[in-house]
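Overview (structure and organization)
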Amino acid sequence: MHPPRPLKCPDCFARVPSPSRGGEARCPHCRRAFRPVLAVPGFRWTQDGRRFSVLSARNPDVRPLKHVFVFENFLHPEVLRLRRRFRLDRLVAPFAREGEFARQRALRHWVSSAWTSGLPSVRAPARVHTLHAGEMFRHASTRGCQYFCTYKAYAMVEFAAALGWNARLVSAGGHMMSELWSNERGKWVFFDSLFNLHVEKEGLPLSCLEIQREYRKNGGRDVEYRWGRRRTLLPADGHEFVHLLPAQFAWFVVWTNANFFDEPNEKGQAFSRLLFRDRHNRRLRWTDASGEGDRYATLPSTRETSDPADIDFPLNVAEILLAAAPGGVRLGLETRTPGLKRLLVRVDGGPWRVFDAGGTIPLKQGRTAIRARSENQAGVRGPESEVVIEER
């Protein structure tokens, strides 16, 4: 359970002490005074003799992360080269009308089938940490090299970045997978690019943390295993990974580094990782089904957290911050968008426009809907935030 949403300055986003009811607040950082309008349903205020209230809000709370996550640079020359060389836009284009998640599944399907799965050949480079997706593909096609889960997970993260999607590595029970941030669903989604599948509950794709909760609750009876581009339903007893899943997600670690081109692991050092440990496993030792420990979780570079928000935090979101102003509200936007290009604002049914910091949005009679979203350097737009204000 998170503490109540803090009051923030719409100019510099610093936390601000709450003023007396209906009074002005003063930011301790930038020293600017403002009359806050809380973007939460039910908040009411009076301005210029007019009475307003927040009717509804779909507005993420952007809080500082306690653990730093770093993602691939969308403008890195090698990332741009991957997109051109492998014609990734053409690869996912047939699924454009079905939405972003369908295009992400198409990419996973391609990564899974692009080269033969198996133990890496002795002809492959010794360290996966310095072997990038393009090299894997070249070695597979010219030398017949095979790759297992770790290599395909690395490739999935890099190819996803080439299409403007944020992804990160996940290890569970000695098996390497990935999670992609879904702007369409507004959440992290587990992807296995070796077995070409993900996990759903009631039609919603799950993150690793959500899968873990389902297995703790009832052994995962409510989840479904979906394979390939078309989400083919797998029988609960008909796939190798399905048998392994309960043990896989008893514990898992998330890689906090995913910028493999900017920071290649040339010395073979372990990247930092984050292990989720709560009341269910607080006094337990990391082991898999056989009782053996997982080497990734026992490394000194692995840190622990008991806060789910440290794992399943939102990305590419814009939090709407408002202050009363003559004739309307002054707008501020705080975002957590790796590789941010710009912030966009839309009022009612108007066009999306580039955000003008400090600008005032007029409030008309009736209802006014304020929407905001971010766009990264690859042109990918994040989930929409929305606050609807009504004159009473």
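In case you missed it, the structure is sitting above this.
Residue numbers restart at each chain and count upward from 1, following the sequence in its written direction. Residues qualify for local features only when their pLDDT is at least 70, as the model is predicted, and side-chain atom pairs are given and counted only at 80 or more; totals for whole chains, interfaces and linings, by contrast, use all residues. The basis for every side-chain value is the complete set of heavy atoms in the structure, and neither hydrogens nor water enter the calculation.

1. Here's the deal with the packing of helix α3 (residues 100–113) against helix α5 (residues 149–162)
Note on definitions: angles span 0 to 180 degrees between N-to-C directions of axes, and those axes are lines fitted to C-alpha atoms, for helices only across the stretch in contact. Strands here mean DSSP runs of E at least two residues long; helices mean DSSP runs of H or I at least four residues long; both are numbered from the N terminus. Contact geometry for α3 and α5: axes closest at 10 Å, N-to-C directions at 140°. With respect to each other, α3 and α5 are oriented oblique. Note on packing geometry: the crossing formed by α3 with α5 is right-handed. Along its contact with α3, which presents Q104, L107, R108, W110, V111, S112 and S113, the element α5 presents K152, A155, M156, F159 and A160. For classification, angles of less than 35 degrees are called roughly parallel, those exceeding 145 degrees roughly antiparallel, those between 65 and 115 degrees roughly perpendicular, and all remaining angles oblique. When the near helix sits turned anticlockwise from the far one by under a right angle, the crossing is termed left-handed; a clockwise turn instead gives a right-handed crossing. Whether two residues are in contact is decided by their heavy atoms, any of which lying within 4.5 Å being enough.

2. Some remarks on the side chain of Q47
Structurally, Q47 is set in strand β4 (residues 44–47). A polar contact is formed between the side chain of Q47 and the side chain of R35, at a distance of 3.3 Å. Look past the residues within four positions of Q47 in its chain and what remains in contact with it is R35, F52, A324, A325 and P326. Residues adjacent in sequence count toward polar contacts only when both atoms are side-chain atoms; beyond that, a polar contact is any pair of N or O atoms within 3.5 Å, and within protein one must be able to donate a hydrogen and the other to accept it.

3. Focus on the pairing of strand β16 (residues 317–325)
Burial analysis of β16 places nine of its nine residues in the buried class, which makes it a mostly covered element. A two-sided burial pattern is seen for β16, the buried positions comprising V317, E319, L321, A323 and A325 on one face and A318, I320, L322 and A324 on the other. Between any two strands, at least two bridges found by DSSP are needed for them to pair. Two strands pair when backbone bridges link them, and strand β3 (residues 36–37) and β16 are joined in this way by two bridges, in the antiparallel orientation. From the neighbouring strand, V37 faces β16, where its bridge partner is L322. Two elements, β16 and strand β17 (residues 328–336), share nine bridges in a ladder whose sense is antiparallel. Following the sheet pairing, A325 is matched in β17 by G328. Linkage of β16 to β17, two consecutive antiparallel strands, is achieved through a turn of two residues, within which G327 is found at a positive phi near 80°. Burial classes follow relative accessibility: with a 1.4 Å probe on protein chains only, a residue under 20% of its type's maximum area counts as buried, one over 50% as exposed, and anything between as partly exposed.

4. Some words on the pattern of salt bridges
Salt-bridge detection follows one rule: a side-chain nitrogen of Lys or Arg within 4 Å of a carboxyl oxygen of Asp or Glu. This model, assessed by the stated rule, comprises 33 salt bridges. Between E214 and K217 there is a salt bridge, with its nearest N and O atoms 3.4 Å apart. Here the residue E214 and the residue K217 both occupy positions in helix α6 (residues 208–218), the gap between them amounting to three residues, near one helical turn. In this structure E214 comes out as buried when scored by relative accessible area, which is 9%.

5. A look at α6
Counting along an α-helix, one turn takes 3.6 residues, and residues three or four places apart therefore face a common direction. Within α6, burial applies to C208, L209, I211, Q212, E214, Y215 and N218. In the stretch just after α6, G219 is the one whose phi turns positive, near 75°.

6. Examining the pairing of strand β8 (residues 187–191)
Taken across its five residues, β8 has five buried, putting it largely inside the fold. With five bridges joining them, strand β7 (residues 175–182) and β8 adopt antiparallel strand pairing. Residue pairing across strands places L180 opposite V189, the latter belonging to β8. Taken together, β7 and the strand that follows it, β8, pair antiparallel across an intervening segment of four residues, in which G186 is found at a positive phi of about 65°.

7. Describing unusual backbone geometry
Non-glycine residue D48 carries a positive phi angle of around 55°. Secondary-structure assignment places D48 in the loop between β4 and β5 (50–58). Classification of D48 by relative accessible area gives exposed; the value is 57%. Of note, the phi angle at E202 is positive, near 55°, even though the residue is not glycine. Here E202 lies in the loop between β9 (197–201) and β10 (204–205).

8. Regarding the sheet that holds β4
Spatially, six strands are ordered β4-β5-β22-β21-β18-β19 in an open sheet, and the strand pairing comes out antiparallel. Two strands close off the open sheet at either side, each with one partner strand: β4 and β19 (353–354). One ladder, built from four bridges, connects β4 with β5; its direction is antiparallel. By the bridge assignment for β5, W45 is matched with F52.

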